[in-house]
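Chains, contacts and geometry: an overview
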Amino acid sequence: MNKSELLHGVREEYRQWEALLNQIGEARMDQPGAAADWSIKDIIAHLTGWRRRTVARLQAAQRGEGEPPSYWPAHLRADVDLDEINAWIYDSNHERPVRQVLDESHHVFQQMFAAIEGLPDEVLSDPARRAQYDVNHSEHRRERSKLIAEMVRAQTDVEFEQLARITILEAL
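Residues numbered from 1 in each chain as written. Predicted model: local features only at pLDDT ≥ 70, side-chain atom pairs only at ≥ 80, totals over all residues. Heavy atoms only, no water.

1. Considerations on the overall build of the protein chain
Note the threshold: Every helix listed is a DSSP run of H or I at least four residues long, and every strand listed is a run of E at least two residues long, numbered separately from the N terminus. Per-residue accessibility, obtained with a 1.4 Å probe over protein chains only, is compared with the maximum for each type, and a residue is labelled buried under 20%, exposed over 50%, and partly exposed between these values. The contact rule is simple, with two residues in contact once any of their heavy atoms fall within 4.5 Å. Computed with the Shrake-Rupley method and a 1.4 Å probe, the accessible areas treat only the protein chains shown as cover for residues.
Counting its secondary structure elements, the protein chain contains nine helices and zero strands. When the helices and strands of the protein chain are placed in sequence order, the string is α-α-α-α-α-α-α-α-α. Per-residue burial for the protein chain yields a buried fraction of 44% across its 172 residues. Of the contacts made within the protein chain by residues no fewer than 6 positions apart, 70% connect residues no fewer than 24 positions apart. Accessible surface for the protein chain amounts to roughly 9200 Å². Of this, 50% is attributable to carbon and sulfur atoms.

As structure tokens, then:
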């Protein structure tokens, strides 16, 4: 995969993501109960938190550096403490307004585009290095996006809640 292909894929993912969020509408994003106390806004903040990590790793790759420090507390390790990190992201964002969470999501995507544009070609041509910096987008994200799209098409609030629960469980 070259830089142009990667950027095209990430920009297309972003376009679809934004279209989906527009379909859901801000008024529905703060409704709790999708899965336990999580709302669509909480899912957006969760995904944005992990994208922030990806952006930091891509920026480190630009500079030829190793793993950057995480933005969550230093004692939490991404390869071991996933539940604790997810709880920290939730706790850090749950009380924030929807508009603020959406703005941050947009901003982090813009940072991701810039970080990919600045990546040295050797990072993208070496599969091991590419994987190290989370450059490949997984099937997991595509499946999660499909579920959120199904939520938008829900005819009733009950259908919406059921699909939201599935979506959140898939996201975690």
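Back to the write-up after that little detour.
2. Side note on helix H1 (residues 3-24)
Put simply, the test is: One fewer than the residue count of a helix, multiplied by 1.5 Å, yields its expected span. Throughout, the arc means the angular range of directions from the helix axis out to the C-beta atoms.
For H1, spanning 22 residues, the distance from its first C-alpha to its last is 31 Å, which sits close to the expected 32 Å at 1.5 Å a residue. Residues of H1 that are buried include every one of Leu 6, Leu 7, Val 10, Glu 13, Tyr 14, Trp 17, Leu 20, Leu 21 and Ile 24, and no others. End-on, the buried residues of H1 take up no more than an arc of 155°, which puts them together on one face. H1 presents Ser 4, His 8, Asn 22 and Gln 23 as exposed residues on the side facing more than 90 degrees away from its buried surface. Looking one or two residues beyond H1, the residue adopting positive phi is Gly 25, at roughly 85°.

3. Focus: the packing of helix H3 (residues 40-62) against helix H4 (residues 82-93)
Rules: Every angle, taken between N-to-C directions, lies between 0 and 180 degrees, and every axis is a line fitted to C-alpha atoms, over only the stretch in contact when it is a helix. Reported orientations rely on four angle classes, namely roughly parallel under 35 degrees, roughly antiparallel over 145, roughly perpendicular from 65 to 115, and oblique for the rest. Left-handed describes a crossing whose near helix is turned anticlockwise from the far helix by less than a right angle; the clockwise case is right-handed. Here the term charged refers only to Asp, Glu, Lys and Arg, the term nonpolar to Ala, Val, Leu, Ile, Met, Phe, Trp, Tyr, Cys and Pro, and the term polar to all other amino acids, Gly among them.
H4 packs onto H3 with a crossing angle of 120° between their chain directions and a minimal axis gap of 9 Å. Between H3 and H4, the angle falls in the class oblique. Handedness of the crossing formed by H3 with H4: right-handed. Where H3 approaches H4, its residues Lys 41, Asp 42, Ala 45, His 46, Gly 49 and Trp 50 are matched on the opposing element by Leu 82, Ile 85, Asn 86, Ile 89, Tyr 90 and Asn 93. Across the contact of H3 with H4, the residue classes tally to six nonpolar, four polar and two charged.

4. Here's the deal with the packing of H1 against helix H5 (residues 98-117)
Packing of H1 against H5 brings their axes to within 10 Å, and their N-to-C directions diverge by 170°. Put simply, H1 runs roughly antiparallel to H5. For the pair H1 and H5, the contacting residues are Lys 3, Leu 6, Leu 7, Val 10, Arg 11, Glu 13, Tyr 14, Trp 17 and Leu 21 in the first and Leu 102, Ser 105, His 106, Phe 109, Gln 110, Met 112, Phe 113, Ile 116 and Glu 117 in the second. Of the residues belonging to the contact of H1 with H5, the class tally is 11 nonpolar, three polar and four charged.

5. Some thoughts on the packing of aromatic side chains
Cut-off, in case you're wondering: Classification of ring pairs uses Phe, Tyr and Trp, with its six-membered ring standing for Trp, and accepts pairs whose centres are within 6.5 Å; under 30 degrees between planes counts as stacked, over 60 as edge-to-face, and the remaining range as tilted. Only Lys NZ and Arg CZ are tested; either one counts as a charge over a ring when it is within 6 Å of the ring centre and within 35 degrees of the ring normal.
Summed over all chains, the structure comprises seven aromatic pairs. Here Trp 50 and Trp 72 contribute two aromatic rings whose centre-to-centre distance is 4.9 Å and whose plane-to-plane angle is 55°, an arrangement assigned as tilted. Of this pair, Trp 50 sits in helix H3 while Trp 72 sits in the loop between H3 and H4, and the two are 22 residues apart along the sequence. In this structure Trp 72 comes out as buried when scored by relative accessible area, which is 3%. With a centroid separation of 5.5 Å and an interplanar angle of 50°, the aromatic rings of Tyr 71 and Trp 72 are classed as tilted. Judged by relative accessible area, Tyr 71 falls into the partly exposed class, the value being 26%. What links up through ring pairs into an aromatic cluster is the set Trp 50, Tyr 71, Trp 72 and Trp 88. Directly above the ring of Trp 17 sits Arg 51, whose terminal nitrogen or CZ lies 5.2 Å from the centroid. Taking NZ or CZ as reference, Arg 52 lies 3.8 Å from the ring centre of Tyr 71, over its face.

6. Considerations on the pattern of salt bridges
Where charged atoms from two side chains of opposite charge approach closely, those side chains can pair. In plain terms, the rule: Throughout this description, the term salt bridge denotes a Lys or Arg side-chain nitrogen within 4 Å of a carboxyl oxygen of Asp or Glu.
Taken as a whole and assessed by the stated rule, the structure comprises 12 salt bridges. Ionic pairing is found between Arg 11 and Glu 117, a salt bridge with its closest N-O pair at 2.6 Å. In this pair, Arg 11 sits in helix H1 while Glu 117 sits in helix H5, placing the two residues 106 residues apart along the sequence. By relative accessible area, which is 39% here, Arg 11 ends up partly exposed. A relative accessible area of 40% means that Glu 117 is categorised as partly exposed. Through salt bridges with shared partners, one network takes in Glu 26, Arg 99 and Asp 103.

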